[in-house]
Amino acid sequence: MINYKEKLHDIKAFVFDFDGVMTDGSVWTYADGETVRCGNVKDGYAIQYAVKKGYIIAVISGATSASIDNRMHAVGVTLCYTGCHDKIETYRAFLAKNGLAEHEVICMGDDIPDYQMLSHCGVATCPADAAVEIKEICDYISVFPGGRGCVRDIIEQTLRLQGQWFNPDDREHEALKW
């Protein structure tokens, strides 16, 4: 079996679930029905940096919320597919639209709705606190739980391996917010 790090050389795109990956899975619901989620600024920084370096980033989530769209827009992600009842269908359309082969994509998910998507990508990854069924099929399990740096972990590993991560002489990282 090939070590997952060897597969990182071919990666051009990242696809993430939102709740449980970009967040710890907590959803606060206010009396007016508005939902609020908590993300990680280091994850946000890594996402912005990867976008700036030319990687394609997408979110495929079963949830529908303005908070998801707003967070992704703030970090430069324009491919945000929410309200997905069939993630594999959305994932296949994403591949076709962007001219990507499965082996060029890392997917990160944390629960059973992500299973099919994770089964059809180059590198299947998950947070440390993912469901057992998901951990069993992943090439890499982050040491970080959802919403606590797992997104940064896999982006940073990939960009480092491809020679695209932080260079102190390159000032483009200074313009990024979070």
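Above: the structure in question.
Note that the coordinates shown come from a computational prediction; the quantities given were computed from them, not determined experimentally.

### Some thoughts on the pattern of salt bridges
- Tallied over the full model, the rule gives eight salt bridges.
- Its salt-bridge partner being D17, residue K87 comes within 3.0 Å of it at the nearest N-O pair. Linking K87 in helix α4 (residues 87–98) with D17 in the loop between β1 (13–16) and β2 (28–29), this pair joins segments that are 70 residues apart in sequence.
- K87 sits in the buried class, given a relative accessible area of 6%.
- Taking the relative accessible area as the measure of exposure, D17 reaches 5% and is therefore buried.
- Between R148 and D24 there is a salt bridge, and its shortest N-O distance comes to 3.4 Å. Here R148, found in the loop between β8 (140–141) and α7 (150–161), pairs with D24, found in the loop between β1 and β2; they are 124 residues apart in sequence, far enough to count as distant.
- Several salt bridges converge on common partners, so that one network encompasses D17, K87 and D114.

### Focus: the packing of aromatic side chains
- In this structure the tally under the stated criterion is five aromatic pairs.
- Look at F14 and F16: their rings are 6.1 Å apart centre to centre, the planes differ by 5°, and that puts the pair in the stacked class. Of the two residues, F14 and F16, both sit in the buried class.

Conventions used here
Residues numbered from 1 in each chain as written. Predicted model: local features only at pLDDT ≥ 70, side-chain atom pairs only at ≥ 80, totals over all residues. Heavy atoms only, no water. Salt bridge = Lys/Arg side-chain N within 4 Å of Asp/Glu carboxyl O. Helix = DSSP H or I, 4+ residues; strand = E, 2+ residues; numbered from the N terminus. Buried < 20%, exposed > 50% of the residue type's maximum accessible area, 1.4 Å probe, protein only. Phe/Tyr/Trp six-rings, centres within 6.5 Å; stacked < 30°, edge-to-face > 60°.

The values are spatial; any link to function lies outside them.
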